[in-house]
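Next come the chains, spelled out residue by residue.
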Amino acid sequence: MGLVRAAIGGFLRAFIRPLGAKLQFTRDDVPGLHATGTGIEYWRDGLERRMPRWWELTWRGRVIMRVRSHHNERAYWRRRRDLIRLIEEMNLAALLPLLQSHSLVLEPGCNVAQNLWEISQRWNCEIYGLDIDREGLEQASKRSWPKPAYFSYGNVLEPGTLARFSDRQFDLVLTRWHLIHLPSGEPKAKYVRELRRIGKAGLILEPTAPEKTGRIEWAQKGTYCLSWDDWEGWYGLKRFVPKVRIPYTDVFYW
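Attention here is on the structure that accompanies the text. (Residues numbered from 1 in each chain as written. Predicted model: local features only at pLDDT ≥ 70, side-chain atom pairs only at ≥ 80, totals over all residues. Heavy atoms only, no water.)

Our focus in this paragraph is the overall build of the protein chain. On a plain count of helices and strands, the protein chain comes out with 8 helices and 12 strands. Residues classed as buried in the protein chain amount to 48% of the 254 residues present. Within the protein chain, contacts between residues separated by at least 24 positions form 65% of all contacts whose residues are at least 6 apart in sequence. Of the accessible surface of the protein chain, which amounts to about 13700 Å², a share of 55% is contributed by carbon and sulfur atoms. (Helix = DSSP H or I, 4+ residues; strand = E, 2+ residues; numbered from the N terminus. Buried < 20%, exposed > 50% of the residue type's maximum accessible area, 1.4 Å probe, protein only. Contact = heavy atoms within 4.5 Å. Areas by Shrake-Rupley, 256 points an atom, 1.4 Å probe, with all protein chains shown as cover.)

Here it is, written out as structure tokens:
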């Protein structure tokens, strides 16, 4: 459905541009928004729910129509067919293990576990999820998993969060747009080393911006931020370029 909306939007932009009109995605800032609780609570309660997003149609610089968009609200629940296609491609290249029903898969930063859901539906693996967002974990646990799935709350930057897991316990450790939201530094580097300790293989999907490498654009309560890291140089990850690129996302693995 997302591809259909994107195609329709592209067609409308091309059609109305010669007429002097423009269709764009905008959002309104929320004045007086104060950070409370953890960073993820600030995001969910403040930015996600209270910051309106709009499809805005303008003509010669004048706004003539605005339609409320639920872009962010839908994002967590979108299908992850691109992930399945990527894993299968990396399987063929012998870069990731072949997943089977007895395979153990962990996703730190799983949120509502949409990535894990797709993996479960495709390979019926044993699923483990970890997140600092209790509401996301609650939604994840309500799904009708084909076999028991295990979800736990924790701050991955705190010592001991991953200590419960043994060396090479998981056949695959997956993160998707997770590491970018952790502030760079030794706690994060130690966390990545822990992921490599407990995972026989790892698949890391993160955006990159070479011109911003080393920059933390914003941070909240020490638990949620936007940190542009050198995923290869700083953490020893390897880069993989898939045949079909995932928008705004680069692929790394160990």
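This part covers the pattern of salt bridges. On inspection of all chains with the given rule, the structure shows 13 salt bridges. One salt bridge in this structure joins K200 and D171, with 3.3 Å as the shortest N-O distance. Separated by 29 residues along the polypeptide, K200 in the loop between helix 7 (186-198) and strand 8 (202-206) and D171 in the loop between strand 6 (150-153) and strand 7 (172-176) bring together distant segments of the chain. For D250, the salt bridge goes to R245, with nearest N and O atoms at 3.2 Å. For R245, a relative accessible area of 47% corresponds to the partly exposed category. (Salt bridge = Lys/Arg side-chain N within 4 Å of Asp/Glu carboxyl O.)

This part covers the side chain of R143. Its place among the elements puts R143 in the loop between helix 6 (134-141) and strand 6. E118 is the oppositely charged side chain nearest to the buried, salt-bridge-free R143, at an N-O distance of 7.6 Å. Not counting residues up to four positions away in its chain, the partners in contact with R143 are W77, V112, A113, Q114 and W117. (Lys, Arg positive; Asp, Glu negative; His and termini not counted.)

The full count for this structure, using the stated rule, is 7 aromatic pairs. Aromatic side chains W117 and W145 sit 5.2 Å apart centroid to centroid with 75 degrees between the ring planes, which places their arrangement in the edge-to-face category. Separated by 28 residues along the polypeptide, W117 in helix 5 (residues 114-123) and W145 in the loop between helix 6 and strand 6 bring together distant segments of the chain. The same class applies to W117 and to W145, which are both buried. When the ring of W145 is compared with that of F151, the centres are 5.6 Å apart and the planes differ by 45 degrees; the resulting orientation is tilted. (Phe/Tyr/Trp six-rings, centres within 6.5 Å; stacked < 30°, edge-to-face > 60°.)

Right, let's get into the environment of E211. Along the chain, E211 falls in the loop between strand 8 and strand 9 (216-220). Among the residues examined, E211 registers a relative accessible area of 61% and is labelled exposed. Remark: the alpha-carbon pair of E211 and W228, spanning 17 residues in sequence, is separated by 9.2 Å.

Its 13 residues give helix 7 an end-to-end C-alpha distance of 18 Å, which sits within 8% of 18 Å, the value for a rise of 1.5 Å per residue. Burial in helix 7 covers these residues: K188, A189, Y191, V192, L195 and I198. Buried residues in helix 7 make contact with strand 4 (104-108), strand 7, strand 10 (224-227) and helix 8 (231-235). (Expected span 1.5 Å × (residues − 1).)

What follows is about the nonpolar core. Judged by nonpolar contacts, the single largest core of 28 residues is most densely connected at I119 and L203. Among the elements that take part in this core, helix 4 (residues 81-92) stands out by supplying 5 residues, more than any other. In this view, I119 contacts L83, I84, I87, L99, V105, N124, C125, I127 and L174; residues no more than four positions away in its chain are not counted. The next biggest cluster of nonpolar side chains, apart from the first, holds 27 residues, and it includes L106, Y128, L179 and V192. (Core = buried A, V, L, I, M, F, W, Y, C linked by side-chain atoms within 4.5 Å.)

Taken together, the side chains of W55, W59, I64, M65 and V67 present a nonpolar region at the surface, about 480 Å² in accessible area. Mapped onto the nonpolar patch, the elements with two or more residues apiece are strand 2 (53-59) and strand 3 (62-68). When residues of the nonpolar patch are assigned to their parent elements, the largest contribution, 3 residues, is made by strand 3. Looking at the secondary structure, you find I64 in strand 3. (Patch = residues over 30% accessible without salt bridge, like charges linked within 9 Å, V, L, I, M, F, W, Y side chains within 5 Å.)

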